[in-house]
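Understanding the architecture of this molecule
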Amino acid sequence: MSFDFDAVVVGAGAVGLACGRALAKRDLSVLVLEKEPHIGQGVSSRNSEVIHGGLYYPTGSLKARLCVEGRRRLYAFLDSHKIDYRKCGKLVVATDEAEVPRIEAIFRQATANGVEGLEHLTGKQARALESGLNAHAAILSPESGVFDSHGYMLALQGEIEEAGGSVVVSTPFERAEPRAGGGFTVTAGGEGGATLTTRLLVTAPGLAAQAVAARIESYPAGRIPAAHLGKGVYFRLSGRAPFERLIYPPPIPGALGTHYRKDLGGQAVFGPDLAWVETEDYSVDPGKAVEFEGYIRRFWPGLPEGALTPDYAGIRPKLHGPGEPQPDFQLRGRDDHGIDGLVALFGIESPGLTSSLAIGEAVAGILHHD
């Protein structure tokens, strides 16, 4: 049976592009479909651009394994493509005695996950690294950093195209039907809309993961997880960035919490927080600055009054609601949904960007195994 493509990937964010790259590197003909006018306009464009070390995630989970592997792959990729990054390190800070057991638990978890170079710091040692920091104790993770995520995605697109593949924008996925004998018929919309055939199908559309899966004929509805939207907003500091390293308090339920980063332009950014929403809304309420100020002053008492300005917002594709345990990434192949040649991704939020190269390799491995 002949096909127009060996593989079609739905979604040209960091994860979809990394999946396309992994398949293209295996000498498969690849088409990546993106509904927006440009690559990386969804979840991938509204995040912290942080390279995560892999500290927090349960040992043996996909998040733990793929974050550590993905981070190692990512630094090598950024070096080889001369993409801007800063391996600045991260301080996870206990601002008082009560938070020390929590960061100690993070240290044990990170060690079990194979994160390199971790150090216990006293408050005095942490303040020696970052004057102005309120720290009773801290953990230093030297492998964390910040990077140019858009430059990274352009490089992924470039590798796909160099291998003979295509990334097509303004072309939304409409539906897919399994073909008798294997493969899929895929219908795409937009001005360049077409019906095409592919042997393999990967869905990595971020917030639209559940909607896309529901438009694949024969995908069991009971195997599509419930979708929840976790909104986070960011505020930018007017004035000089106070710290060189990433500063993270202990995580909050459902997320890593409002943290500090000095971006590649040298400016200080704080966020995201977490609010559960029903619809995609990227507005930033300036009134939230008061809440942010109170939170930030726990680790930076010197935050000047009125120095925060609203910046941007992002929405995370969560698989859990308020008060529910945070689940793992879901990379669902034939064993889960019963359809040959399909991998559907759900819940690819943080640390999805850091993990993206490893996720791509894992998806290619699942399809090869299937």
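So, here's what we can say about the structure. (Residues numbered from 1 in each chain as written. Predicted model: local features only at pLDDT ≥ 70, side-chain atom pairs only at ≥ 80, totals over all residues. Heavy atoms only, no water.)

Considering the packing of helix α2 (residues 62–81) against helix α9 (residues 352–369)
Running from N to C, α2 and α9 point in directions that differ by 105 degrees, and their axes come no closer than 6 Å. Classified by the angle their axes make, α2 and α9 are roughly perpendicular. Contacts from L66, C67, E69, G70, R71, R73, L74 and F77 of α2 reach α9 at T354, S355, L357, A358, I359, E361 and A362. Broken down by class, the residue content of the contact of α2 with α9 amounts to 8 nonpolar, 3 polar and 4 charged. (Axes fitted to C-alpha atoms, helices over the stretch in contact; angles between N-to-C directions. Helix = DSSP H or I, 4+ residues; strand = E, 2+ residues; numbered from the N terminus. Parallel < 35°, antiparallel > 145°, perpendicular 65-115°, else oblique. Contact = heavy atoms within 4.5 Å. Nonpolar A, V, L, I, M, F, W, Y, C, P; charged D, E, K, R; others polar.)

Some details on the pattern of salt bridges
Scanning the entire structure with this criterion turns up 23 salt bridges. Two residues, E177 and R175, come together in a salt bridge whose shortest N-O distance is 3.8 Å. Where R297 meets E305, a salt bridge forms, and the shortest distance between an N and an O atom there is 3.4 Å. In this structure E305 comes out as exposed when scored by relative accessible area, which is 65%. One network of salt bridges, in which partners are shared, links R71, R72, K87, E116 and E143. (Salt bridge = Lys/Arg side-chain N within 4 Å of Asp/Glu carboxyl O. Buried < 20%, exposed > 50% of the residue type's maximum accessible area, 1.4 Å probe, protein only.)

Topic: the pairing of strand β16 (residues 268–271)
Side chains of β16 alternate between two faces, with A268 and F270 and V269 and G271 buried alike. Inspection of the sheet shows strand β13 (residues 228–237) paired to β16 by 2 bridges, in the antiparallel sense. Residue F235 lies in a different strand from β16, and its bridge partner there is F270. The sheet contact formed by strand β15 (residues 259–262) and β16 spans 4 bridges and is antiparallel. Directly across from K262, in β16, lies its bridge partner A268. Between β15 and the antiparallel strand that follows it, β16, lie 5 residues; G266 among them carries a positive phi value of about 90 degrees. (Pairing = 2+ DSSP bridges.)

Structural notes on the packing of aromatic side chains
The final tally for this structure, using the stated rule, is 12 aromatic pairs. With 5.3 Å between their ring centres and 55 degrees between their planes, Y75 and Y85 make a pair best called tilted. One end of the pair, Y75, is in helix α2; the other, Y85, is in strand β4 (residues 85–86), and 10 residues separate them in sequence. An aromatic cluster is defined as three or more aromatic residues linked by ring pairs; in this entry it consists of F243, Y260, F270, F299 and W300. (Phe/Tyr/Trp six-rings, centres within 6.5 Å; stacked < 30°, edge-to-face > 60°.)

Focus: the pairing of strand β1 (residues 5–10)
In terms of strand pairing, β1 meets strand β12 (residues 194–203) through 5 bridges, oriented parallel. Bridge pairing links V10 to T203 in β12. Looking at chain direction, β1 and strand β2 (residues 30–33) are connected through 4 bridges and run parallel. Note that in β2 the partner of A7 across the bridge is V30. With respect to chirality, the unit in which β1 leads through helix α1 (residues 14–24) into the neighbouring parallel β2 is right-handed. (Right-handed = clockwise from strand over helix to strand, strands pointing away.)

Quick look at the environment of S2
Counting through the fold element by element, S2 comes out in the segment before β1. Between the alpha carbons of S2 and R199 there is a distance of 8.6 Å; along the sequence they are 197 residues apart.

With respect to the environment of M153
Note on placement: M153 falls in helix α5 (residues 149–162). Take M153: its relative accessible area is 1%, and that puts it in the buried class. Along the sequence, M153 and V15 sit 138 residues apart, while their C-alpha atoms lie 9.1 Å from each other. With residues up to four places along the chain from it excluded, the contact list for M153 reads G13, A14, L17, I39, G40 and S44.

Considering the nonpolar core
Membership of the largest hydrophobic core comes to 45 residues, with the highest contact counts inside it found for L17, L23, Y152, L331, L345, I359 and V363. Among the secondary structure elements, those contributing two or more residues to this core are β1, α1, β2, α2, α5, β12, β20 (342–346) and α9. Apart from residues no more than four positions distant in its own chain, I359 is found in contact with V15, L66, F329, L331, L345, I348 and G352. With 27 residues, the next largest nonpolar core counts V233, W300, L303 and L308 among its residues. (Core = buried A, V, L, I, M, F, W, Y, C linked by side-chain atoms within 4.5 Å.)

Topic: empty space enclosed by the protein
The final tally for this structure, using the stated rule, is 1 cavity of 30 Å³ or more. Along the walls of the largest cavity sit G206, L207, A209, Q210, A227, H228, L229, P317, K318, L319 and G347, which together make up its complete lining. Of all the secondary-structure elements, those providing two or more residues to the lining of the largest cavity are α6 (209–214), β13 and β18 (308–318). Its residues assigned to classes, the lining of the largest cavity shows 6 nonpolar, 4 polar and 1 charged. (1 Å grid on protein atoms, 1.4 Å probe; cavity = no way out; pocket = protein on both sides within 12 Å on 5 of 7 lines; lining within 4 Å. Points joined across faces, edges and corners; volume = space filled by probe spheres on them.)

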